[in-house]
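Structure assessment
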Amino acid sequence: MNTMIEISHLSKSFGTVKAVQDLSFQVRKGELFAFLGINGAGKSTTINIMCGQLAKDAGRVCIDGADLDQDADCIKRSLGVVFQNSVLDKHLSVRDNLESRAALYGISGKAFRERLEELADLLDFHDLLKRTLGKLSGGQRRRIDIARALLHRPKILVLDEPTTGLDPQTRNLLWNVIHDLRKQENMTVFLTTHYMEEAADADYVVILDSGKIAAEGIPLALKNTYTGDFITLYGVEEAQVRGLGSYTPLRDAFRIAVPNTAAATELIVRHPELFQDYEITKGRMDDVFLAVTGKKLTGGEAK
């Protein structure tokens, strides 16, 4: 089966607030699926419904072939979820936390010890096993949160803003682990993030705005639809750039907006004397999000 998550006409309201409105999308097996939106757009509500932690008002949720209304327990076994806030006990050691969680899935004794060894290797936390969770750094705790989500070898890993506030080294480690899991186990990854460079690497992107899908598609298609190209031009004066179109001054250069690559080529051919040192780039996912929603979503902060 190629479709791992199928959401059809999902709706959820809290009083007069329509958190999710007639939401429909699919996630394919092995895909890195990015679910984007500012706080309050409906991302966490959708995830909580998928995980069986929140009742929906209407719609259908199927995960790995199971219907949420008919087989919620089967769905829970298919999912490994890393929430924004840790659900582990800060007073217990790392090992005790993971052992108690594993027991919920019937993993104990030798099976637990072997799985713990695998995860400690994967996420590099052998030296943390005896430490109390509450005394770990944010990056260390996040590694243990991911280990908890992977204990039962889920087919789908749900990551709700997994790298917000983490240092670059820990972010790189986590993304390397996710890349390896997708490659080796064909694991499906459902991601919400405030970091647009993470979304740019996704296989498919859905942008939510006020509980509705505002745009969806592969990153390149979204960039081609909602943004143009940009020429970064070096070694020129601002007076020389004014006649070239819309531009933004940078520290040592000027960023010129053009509709597409063909328009960039035409501009360069028309003014070869100015284009001695330049580069052409596609619009970024930040530009896509701003064009679609009218809002900025960067670096963990929504505006």
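The rules behind these values
Residues numbered from 1 in each chain as written. Predicted model: local features only at pLDDT ≥ 70, side-chain atom pairs only at ≥ 80, totals over all residues. Heavy atoms only, no water. Helix = DSSP H or I, 4+ residues; strand = E, 2+ residues; numbered from the N terminus. Buried < 20%, exposed > 50% of the residue type's maximum accessible area, 1.4 Å probe, protein only. Pairing = 2+ DSSP bridges. Core = buried A, V, L, I, M, F, W, Y, C linked by side-chain atoms within 4.5 Å. Contact = heavy atoms within 4.5 Å. Salt bridge = Lys/Arg side-chain N within 4 Å of Asp/Glu carboxyl O. Patch = residues over 30% accessible without salt bridge, like charges linked within 9 Å, V, L, I, M, F, W, Y side chains within 5 Å. Areas by Shrake-Rupley, 256 points an atom, 1.4 Å probe, with all protein chains shown as cover. Lys, Arg positive; Asp, Glu negative; His and termini not counted. Charge placed at Lys NZ, Arg CZ, Asp CG, Glu CD. Axes fitted to C-alpha atoms, helices over the stretch in contact; angles between N-to-C directions. pLDDT = per-residue confidence, 0-100.

1. Focus: unusual backbone geometry
The phi dihedral of aspartate 64 is positive, around 50 degrees, even though this residue is not glycine. Summarising the element assignment, aspartate 64 is placed in the loop between β4 (58–63) and β5 (66–67). Aspartate 64 gets classed as buried once you look at its relative accessible area, which sits at 18%. In this structure, glutamate 161 takes a positive phi of about 50 degrees despite not being glycine. For glutamate 161, the location among the structural elements is in the loop between β7 (156–160) and α6 (168–185).

2. Re the pairing of strand β8 (residues 188–192)
Of all five residues that make up β8, five are buried, and the element is covered over most of its length. In this sheet, β8 lies alongside strand β3 (residues 32–36) in parallel orientation, the contact comprising three bridges. Residue pairing for β8: phenylalanine 33 is matched across the bridge by phenylalanine 190. Two elements, β7 and β8, share five bridges in a ladder whose sense is parallel. Paired with leucine 159 across the two strands is leucine 191, which belongs to β8.

3. Thoughts on the nonpolar core
Leu36, Val94, Leu98, Phe125, Ile144, Val205 and Ile207 are the most contacted members of the largest nonpolar core, which totals 48 residues. When near neighbours in sequence (up to four residues on either side) are disregarded, phenylalanine 125 contacts Val94, Leu98, Leu116, Leu119, Ala120, Arg143, Ile144 and Ala147. Counting residues in hydrophobic clusters, the runner-up holds 28 residues, among them Leu23, Ile47, Val61 and Ala66.

4. Regarding the pattern of salt bridges
For the structure shown, the criterion picks out 15 salt bridges. In this structure, arginine 142 engages aspartate 145 in a salt bridge whose closest nitrogen and oxygen atoms are separated by 3.6 Å. Of this pair, arginine 142 and aspartate 145 both sit in helix α5 (residues 138–150), three residues apart, roughly one helical turn. Arginine 142 gets classed as buried once you look at its relative accessible area, which sits at 9%. Among the charged side chains, a network of salt bridges with common partners joins Arg115, Glu118 and Arg153.

5. Overview of a negative patch on the surface
A cluster of acidic side chains, namely Glu117, Asp121, Asp124 and Asp127, defines a negative patch on the protein surface. Take aspartate 124: it is sitting in the loop between α4 (109–123) and α5. Relative accessible area serves as the criterion here: at 48%, aspartate 124 is assigned to the partly exposed category.

6. Some words on the sheet that holds β3
Sheet strands pair via backbone hydrogen bonds, and the direction of the pair is either parallel or antiparallel. With mixed pairing, the six strands of this open sheet are ordered in space as β6-β7-β8-β3-β9-β10. The outermost strands of the open sheet, each flanked by one partner alone, are β6 (79–82) and β10 (212–217). Mean inter-strand twist for the sheet, computed between neighbouring axes without regard to direction, equals 15 degrees. Strands in contact with α5 are β6 and β7; relative to β6, the strand with the most contacts, it is inclined by about 165 degrees.

7. Quick notes on the sheet that holds strand β1 (residues 3–14)
One open sheet holds the four strands; their spatial order is β2-β1-β4-β5, and the pairing between them is antiparallel. In the strand order of this sheet, the two ends are held by β2 (17–28) and β5, each with one partner. Note that β1 and β2 share eight bridges and pair antiparallel. Note that in β2 the partner of lysine 12 across the bridge is valine 20. Packed on one face of the sheet, helix α1 (residues 43–50) meets β1, β2 and β4 and runs near 115 degrees to β1.

8. With respect to the side chain of threonine 192
Its location among the elements puts threonine 192 in strand β8. Setting aside residues no more than four positions away along its own chain, threonine 192 makes contact with Phe35, Lys43, Ile47, Leu159, Asp160, Glu161 and Pro162.

9. Digging into the confidence of the model for the chain
In the predicted model, the chain carries a mean pLDDT of 91, and 97% of its residues have values of at least 70. Note that pLDDT drops below 50 for residues 299–303; the model gives that stretch twelve contacts with residues more than four away or on any other chain.

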